[in-house]
2 protein chains.
Amino acid sequence: MMKKYLIGIDIGGTSIKIGLFNLEGILLEKWAIPSNKTENGNHILTEIAQAIEKKYNLEEVNGIGFGVPGPVQNNKVIHCVNLGWKEVDVTSEFSKHLKKAYSLRIKVANDANLAAAGERFQGIAKGYDNVCMFTLGTGIGSGIIINGSIVEGYNGFAGELGHMVIDSTNQILCNCGKQGCLETVASATGIVSLAQIHLANSLEDSLLRFVKKLSAKKVIDFAKMGDILANRIADESMDYLAYAMALITYVIDPGIFVIGGGVSNAGDFLIQKIEQHYYKYVKPFILHTTFKIATLGNDAGIYGAAYMVKE
Amino acid sequence: MMKKYLIGIDIGGTSIKIGLFNLEGILLEKWAIPSNKTENGNHILTEIAQAIEKKYNLEEVNGIGFGVPGPVQNNKVIHCVNLGWKEVDVTSEFSKHLKKAYSLRIKVANDANLAAAGERFQGIAKGYDNVCMFTLGTGIGSGIIINGSIVEGYNGFAGELGHMVIDSTNQILCNCGKQGCLETVASATGIVSLAQIHLANSLEDSLLRFVKKLSAKKVIDFAKMGDILANRIADESMDYLAYAMALITYVIDPGIFVIGGGVSNAGDFLIQKIEQHYYKYVKPFILHTTFKIATLGNDAGIYGAAYMVKE
């Protein structure tokens, strides 16, 4: 039967997002089912298989791509704490749960890597062969595309950019147990940590002192409104990010950095700060690098998952 | 006519090394001609063409690969200060200087990138899809291979690892004009700079105080002999290198780091120091990374150049 569709599935800790795409990568339909994390997430693949087999004729589907929040290597999930998974061979496991053997490509990759692939497929990085994407949320997700392919690395550890130790003098403890990780200063949580430090270490006037619950959004909103301390905090955070981007440029020179996640709602305000610091760190080399806000939002993962099974 | 050979050419500032390989990558013959840098290196490609056309039947050659000491992108040299070259399209320029139009692949890449490709082709990194190589000499050369291909980057700037700013407190000025570059502390020159700083800043006993002309080799030889200060200098230098390697791992997780160049003659002594510091920086993540001394020496470039035109 003619292959007409691609399916991209983004398995998160709370819900599983499912997208139906045509072969050109146009999103036709998107829906979600809850993530059943009971019994170490053993039912997740079964429930996905049932849900999509009920809704679609898989004979017409070229492939199903999965994104998971954990390291993946050569199409095998290494572990995935959020789902309760240890090593899972998604292709063979998922196939078992389908009612019959379809002629289907089934692939799996890390969700942050897929967000980068998604932005390259149908988002802001379209046309770029090499892409580095940061998703700045509670933590930092990141993904790297080189020559059009996701870079997983020898240990499935490539693109773990949030754990680059970029400031050994920084005392904020990262979830990973180290100090000085990029995530501790450039994620939404990191911006709040920097704000707490600045507010505690000075008596400087700031609208932030009147806020009941600090958030990255408030820091950035106040900075945009002209609050000097808030602006210094946002600036410091983006300076760290720009420094990491300069280091990454010395390694892979990606040409485009894409920023997604909640913090990226700050838009051009962030981009300007990043550019200003970045070019300071890559001096005296003349490099053309583009910095853009992601355009696919939370759908980047399903786009990237569909992209994987396009050919 | 049957294609039987590959030619790998490494164009340096002093001499041009030429290697004849069979299609399996066995080096059959190697020789050199001087680099004629008069008139902005305009004669270099002509003289290479004459030399190899005189010696070989190019009908039997599958391809000729060139390595140059400067940035290259999509088969075009961007500039090459050592040779006096600005932008050069090596494929078309070189073809013009041949007596006839052969059916030949002609490709060009950066020499440090080719050294990495060479070590992957026939050296210590054989079998690895992803490789990061450092050549520690007067400066630091470096190259990155991902999925078997050289990573050039958007600006031809990928793998410029010597200019990663890894210590902003370091006051040593790099040739690039910045401070804190890896090259200022982990090249042979960098080891001498560290030694000078340590000798000036303390009165500690050391064999290094009796040396007329400091060199990286002397620092390492004395360190191996048990000289405490020399050992501390070597250790500090390799600590910086290991920190850069950890940062690179968070980006591309190459699986193997290869060390070449004059400093690499120190062998296992260096590898042990690097490993010890590296695992400190990647904690708590469990990563399997291999550190090896390069095995092709100065021939890595011609091997890499031949590899490029293999298929």
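All values reported here derive from a predicted model rather than from experimental measurement. (Residues numbered from 1 in each chain as written. Chains lettered and ligands numbered in written order. Predicted model: local features only at pLDDT ≥ 70, side-chain atom pairs only at ≥ 80, totals over all residues. Heavy atoms only, no water.)

K.L.:
Honestly, the pattern of salt bridges in this entry has me stumped. Any pointers?
P.N.:
Side-chain pairing between opposite charges can occur once the charged atoms of the two side chains come close. Enumeration according to the criterion identifies 26 salt bridges over all chains in this entry. B:Lys310 is the salt-bridge partner of B:Glu311, the closest N and O atoms lying 3.5 Å from each other. Since its relative accessible area comes to 27%, B:Lys310 is described here as partly exposed. Salt bridges here are not isolated pairs; linked through shared partners, they connect A:Lys17, A:Lys30 and A:Asp299. (Salt bridge = Lys/Arg side-chain N within 4 Å of Asp/Glu carboxyl O. Buried < 20%, exposed > 50% of the residue type's maximum accessible area, 1.4 Å probe, protein only.)

K.L.:
I would appreciate a short explanation of the sheet that holds strand E3 (residues 27–34) of chain B in the present structure.
P.N.:
Working definition: the strands of a sheet are paired by backbone hydrogen bonds and lie parallel or antiparallel to each other. Residue and element names in this part refer to chain B. Pairing is mixed in the open sheet, where five strands are placed in the order E3-E2-E1-E4-E7. The two strands at the open ends of the sheet, each matched to only one other strand, are E3 and strand E7 (105–110). When the angles between neighbouring strand axes are averaged without regard to direction, this sheet yields 15 degrees. Relative to strand E2 (residues 15–22), strand E1 (residues 5–11) runs antiparallel, the two sharing seven bridges. By the bridge assignment, Ile11 is partnered in E2 with Ile16. On the sheet, helix H3 (residues 90–97) packs against strand E4 (61–68) and E7 and is oriented at approximately 130 degrees with respect to E7. Taken strand by strand, helix H4 (residues 111–122) contacts E1, E4 and E7, and its axis lies near 110 degrees from that of E7. (Pairing = 2+ DSSP bridges. Helix = DSSP H or I, 4+ residues; strand = E, 2+ residues; numbered from the N terminus. Axes fitted to C-alpha atoms, helices over the stretch in contact; angles between N-to-C directions. Contact = heavy atoms within 4.5 Å.)

K.L.:
How should the relation of the copies chain A and chain B be read in this particular structure?
P.N.:
Related by rotation about an axis and a shift along that axis, the two copies of the chain form a pair. Superposition record for chain A on chain B: RMSD 0.0 Å, screw rotation 180 degrees, translation along axis 0.0 Å. Both chain copies can therefore be described as sitting about a two-fold axis. (Least-squares fit on C-alpha atoms with pLDDT ≥ 70 in both.)

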